[in-house]
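Chains, contacts and geometry: an overview
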Amino acid sequence: MRFFYLLLIYVFTTVPVLSQQEIKYFPGELNIQPFTANLLEPKLGFSFKLNEGDIRLDIGNSRDLIHFKSNEFTTYSLGAELFTFTKLKGEADFHFPVDAVDYLFGINAGYKTIHNDIEFGLRLRISHISAHLVDGHFDPQTNTWKDNRNPIVYSREFIELLPYWRKEGLRLYGGFTYLFHVVPKDIGKSYFQAGMDWFFTGLFSKKINPFFAYDFKLMKLNKYSGVNSVAAGVKFGNYDSSGFSVSLNYFSGYSFQGEYYNLYEKYFSLNFNIDL
C-alpha cells in the first residue's frame, strides 16, 4: 500500500510539467466503470433478499483522482475507493437491526484505449477489507451471539487485476486476485474471476438500457469452489456512465460477508442501486 501512496504523490507533483490539455484532476466520471454483477464493487443502494427479509445496504464511493490522456484514444487513471456492505436482519414491525458490516478501502489504477469502436482496458486494485459482527447479531435475552456464530478476526489485503474487452454494450472480463495477507488462514490466497455485462442499447433510448450480467469466481476454502452472481434489470442513464439501476439478482456460493465467510448461500434478491 505504501508504494501506491508514494506513486500518487509522485504523479501529482510531476504530471503538471506535461501538457495541461492531457491531464484532468478529479474528473466527474470513472475511467473504468464498476463491473455490474461483481459483488465487491462500490455501490450506493439496497439489496432485498427475497423470501428471507434480510437486506444488504451499500454505502460507498469510488473516485478517480486524475486522468492522463496520452492521446485522444487512451486514458490512464489513478483513484481511491472507500465503502461498506452491511447485512441487516429482517424482523417483525419493519425492524432491520445491523447484523454484520464489512469495510473496504483502497486505491486503484486504470488503463483504457479505444480502437475501431472496440475498447480494451484493465483495472488494478490494492485494497483492505475487515469484517465485524454488530449488536443486531447479539441476543440480550440470553447474553449470547445468535445462531451460534461468534465474532472472529477477519481481515484481508489483496491485489486484483481485471483486464476487459468491450464493444458497445457488451463487456467481457477475466482476471485474478492475490491475497498477500488474510485471516482466517483456511481462506486460499488466490482466486480467479471471469464475467460479462451486456447492456442492450438502442431498444428504447440512450437513457433506458436493459442489461444482463454474470460474474464467476473460483475461490478456495479448504478446496476450490465456484461463486456465481447473476443480475438482470434496467439501467436508467447511459450504459457506460453513472445512473440508476433496478435488477433481480441470483447468488450461489460462500458468503462475501467476512463474518459469514464459511456459510454457503443461495438466494434471489431485488436490487436498487445508484450507479457510479
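Now for a quick tour of the structure. (Residues numbered from 1 in each chain as written. Predicted model: local features only at pLDDT ≥ 70, side-chain atom pairs only at ≥ 80, totals over all residues. Heavy atoms only, no water.)

Scanning the protein from N- to C-terminus turns up one helix and 15 strands. Its C-alpha radius of gyration of 20 Å places the protein within 12% of the 19 Å reference for a compact globule of 276 residues. Projected onto its principal axes, the C-alpha positions of the protein cover 65 × 45 × 35 Å. Counting the 276 residues in the protein, one finds 48% classified as buried. (Helix = DSSP H or I, 4+ residues; strand = E, 2+ residues; numbered from the N terminus. Rg over C-alpha atoms; globule rule 2.2 N^0.38 Å. Buried < 20%, exposed > 50% of the residue type's maximum accessible area, 1.4 Å probe, protein only.)

The next subject is the packing of aromatic side chains. Pairs of aromatic rings are described using the distance from one ring centre to the other and the angle between the two planes. The tally for this structure, following the rule as stated, stands at 17 aromatic pairs. Pairing Tyr-76 with Tyr-111 gives two aromatic rings, centres 5.3 Å apart and planes at 45 degrees, and the pair type is tilted. In this pair, Tyr-76 sits in strand S4 (residues 74-88) while Tyr-111 sits in strand S5 (residues 98-115), placing the two residues 35 residues apart along the sequence. Take Tyr-76: its relative accessible area is 37%, and that puts it in the partly exposed class. Taken together, a centroid distance of 6.2 Å and an interplanar angle of 40 degrees make the contact between Tyr-154 and Tyr-261 tilted. (Phe/Tyr/Trp six-rings, centres within 6.5 Å; stacked < 30°, edge-to-face > 60°.)

Another aspect to go through is the pairing of strand S2 (residues 44-49). Here S2 shows a buried face lined by Gly-45, Ser-47 and Lys-49 and an unburied face lined by Leu-44, Phe-46 and Phe-48. Looking at chain direction, S2 and strand S3 (residues 55-71) are connected through five bridges and run antiparallel. Note that in S3 the partner of Gly-45 across the bridge is Asp-58. A loop of five residues connects S2 with S3, the two strands running antiparallel in sequence, and Asn-51 in this loop sits at a positive phi of about 70 degrees. The pairing of S2 with strand S15 (residues 264-275) spans five bridges and is classified as antiparallel. Looking at the pairing, Gly-45 lines up with Asn-273 of S15. (Pairing = 2+ DSSP bridges.)

Take the pattern of salt bridges next. Counting across every chain of the model gives 12 salt bridges. Note that Asp-197 and Arg-171 form a salt bridge whose closest N and O atoms lie 2.8 Å from each other. Pair noted here: Asp-197 is in strand S11 (residues 190-199) and Arg-171 is in strand S10 (residues 170-183), with a separation of 26 residues, a long-range link. A salt bridge links Asp-215 to Lys-217; the shortest N-O distance between them is 2.7 Å. An identical accessibility class is assigned to Asp-215 and Lys-217; each is buried. Salt bridges sharing common partners tie together Glu-41, Glu-81, Arg-123, Arg-125 and Glu-160. (Salt bridge = Lys/Arg side-chain N within 4 Å of Asp/Glu carboxyl O.)

For the largest pocket, the calculated volume is near 460 Å³. Lining the largest pocket are 26 residues, and of these Lys-112, Ile-114, Glu-119, Arg-166 and Asp-240 lie nearest its centre. Among the secondary structure elements, those contributing two or more residues to the lining of the largest pocket are S3, S4, S5, strand S6 (118-133) and strand S9 (154-167). It is S9 that provides the largest number of residues to the lining of the largest pocket, a total of three residues. When the residues that make up the lining of the largest pocket are grouped by side-chain class, the tally is eight nonpolar, six polar and 12 charged. (1 Å grid on protein atoms, 1.4 Å probe; cavity = no way out; pocket = protein on both sides within 12 Å on 5 of 7 lines; lining within 4 Å. Points joined across faces, edges and corners; volume = space filled by probe spheres on them. Nonpolar A, V, L, I, M, F, W, Y, C, P; charged D, E, K, R; others polar.)

Here we take up the environment of Asn-271. Structurally, the position occupied by Asn-271 is in strand S15. For Asn-271, a relative accessible area of 15% corresponds to the buried category. Between the alpha carbons of Asn-271 and Gly-28 there is a distance of 24 Å; along the sequence they are 243 residues apart. Discounting residues that sit within four places of it in the chain, Asn-271 has contacts with Phe-46, Ser-47, Ser-245, Val-246, Ser-247 and Asn-249. At a separation of 2.7 Å, a polar atom in the side chain of Asn-271 contacts the side chain of Ser-47. (Contact = heavy atoms within 4.5 Å. Polar contact = N/O pair within 3.5 Å; in protein donor to acceptor, adjacent residues only side chain to side chain.)

It is worth spelling out empty space enclosed by the protein at this point. For the structure on display, the rule yields four cavities of 30 Å³ or more. Within this model, the largest cavity holds a volume of roughly 590 Å³. Mapped onto the lining of the largest cavity, the elements with two or more residues apiece are S2, S3, strand S13 (223-236), strand S14 (243-254) and S15. Taken as a whole, the second largest cavity holds about 380 Å³ of empty space. Around the second largest cavity, the lining is made up of 25 residues, and of these Arg-156, Met-219, Tyr-254, Ser-255 and Phe-256 lie nearest the centre. Among the elements that line the lining of the second largest cavity, the one with the most residues is strand S12 (residues 208-221), at five residues.

Such coordinate-based values are descriptive only and should not be taken to indicate function.
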